[in-house]
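Listed below, chain by chain, are the residues.
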Amino acid sequence: MGRRNFLIEGLSGTGKTAVCDELQRRGYHAIHGDRELAYRGDPETGAPRDGSAHEHHVWNVEKVRALVADQAEPATFFCGGSRNFSKFIDLFDAVFVLRVDLDTLHRRLDARPDAEWGGGKPTERERIVEWHRTNGDVPPEGTLIDATAPIEDVVDDILRRCAAHA
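Reading the values: rules and limits
- Residues numbered from 1 in each chain as written.
- Predicted model: local features only at pLDDT ≥ 70, side-chain atom pairs only at ≥ 80, totals over all residues.
- Heavy atoms only, no water.
- Helix = DSSP H or I, 4+ residues; strand = E, 2+ residues; numbered from the N terminus.
- Buried < 20%, exposed > 50% of the residue type's maximum accessible area, 1.4 Å probe, protein only.
- Contact = heavy atoms within 4.5 Å.
- Areas by Shrake-Rupley, 256 points an atom, 1.4 Å probe, with all protein chains shown as cover.
- Arc of directions from axis to C-beta.
- Polar contact = N/O pair within 3.5 Å; in protein donor to acceptor, adjacent residues only side chain to side chain.
- Pairing = 2+ DSSP bridges.
- Salt bridge = Lys/Arg side-chain N within 4 Å of Asp/Glu carboxyl O.

Trainee: Would you take a moment to explain the overall build of the chain for this structure?
Mentor: Within the chain, the secondary structure is distributed over 6 helices and 7 strands. Secondary structure elements of the chain, listed N to C terminal, follow the sequence β-α-β-α-β-β-α-β-β-α-α-β-α. By the burial criterion, 46% of the 166 residues in the chain qualify as buried. Residue pairs in contact within the chain that sit at least 24 positions apart in sequence constitute 71% of those at least 6 positions apart. For the chain, the accessible surface area stands at approximately 8,200 Å², while carbon and sulfur atoms represent 50% of it.

This is the structure:
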């Protein structure tokens, strides 16, 4: 959808949804990947799978490719996490990985309703904290963005970095 395409990734609780909402509020074309592209599937093959395992939270690769190929917008931001990002990461002009300190991560997870993924469930929280410690479960080649700042400042930082990639 964009002549330039950007991926905004990060662990649960780092602010991907808030960044997407703020980009949309400012008039940018931003896609909530976790809502619009995600399904439960095998990260390698894409075959649908039953269950709710985090490891099977993948994006529809063909849909991502089609959206990137559409040049109608000057820029498109794909916001969310997927376990198959390696299948389409090469399509993006830049990849940004939102990062917060451990205290902020815990506060954000505490504030989530139980119905949302990671909403304070001990098993999920342990996994998220481990990924935070190891920088696991996110694209290693992404540019780190300090997402502890107010959301407006986080988006300003991302937009400055996008301009630098022009």
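Trainee: Explanation requested: helix H4 (residues 102-111) in the structure shown.
Mentor: Along an α-helix, residues three or four positions apart point the same way, because every turn accommodates 3.6 residues. Listing the buried residues of H4 in full gives Thr-104, Leu-105 and Leu-109. Projection of H4 onto a plane perpendicular to its axis shows the buried side chains occupying an angular sector of 130°, all on one side. Exposed and oriented more than 90 degrees from the buried face of H4 are Asp-103, Arg-107, Asp-110 and Ala-111. The backbone nitrogen of Asp-103 has a side-chain oxygen 3.1 Å away, supplied by the residue at the start of H4, namely Asp-101.

Trainee: What am I meant to see in the pairing of strand S2 (residues 29-32) here?
Mentor: Across a regular strand the side chains alternate sides, sitting on one face of the sheet and then on the other. In S2, alternate side chains face the same way, and those of His-29 and Ile-31 on one face and Ala-30 and His-32 on the other are all buried. The pairing of S2 with strand S5 (residues 73-79) spans 4 bridges and is parallel. Looking at the pairing, His-29 lines up with Thr-76 of S5.

Trainee: Which parts of the structure should I look at to understand the environment of Gln-71?
Mentor: Structurally, Gln-71 can be placed in the loop between helix H3 (61-69) and S5. For Gln-71, a relative accessible area of 40% puts it in the partly exposed group. In this structure, the C-alpha to C-alpha distance between Gln-71 and Arg-4, residues 67 residues apart in sequence, is 8.2 Å. Looking at Gln-71, its side chain comes within polar contact range of the main-chain oxygen of Val-68, at 3.1 Å.

Trainee: Please clarify how the pattern of salt bridges should be interpreted in this entry.
Mentor: Across all of its chains, the model carries 9 salt bridges by this definition. Ionic pairing is found between Glu-9 and Arg-83, a salt bridge with its closest N-O pair at 3.9 Å. Of this pair, Glu-9 sits in strand S1 (residues 2-10) while Arg-83 sits in the loop between S5 and strand S6 (94-99), and the two are 74 residues apart along the sequence. Members of the salt-bridge network, linked through shared partners, are Glu-22, Arg-25, Arg-26 and Asp-156.

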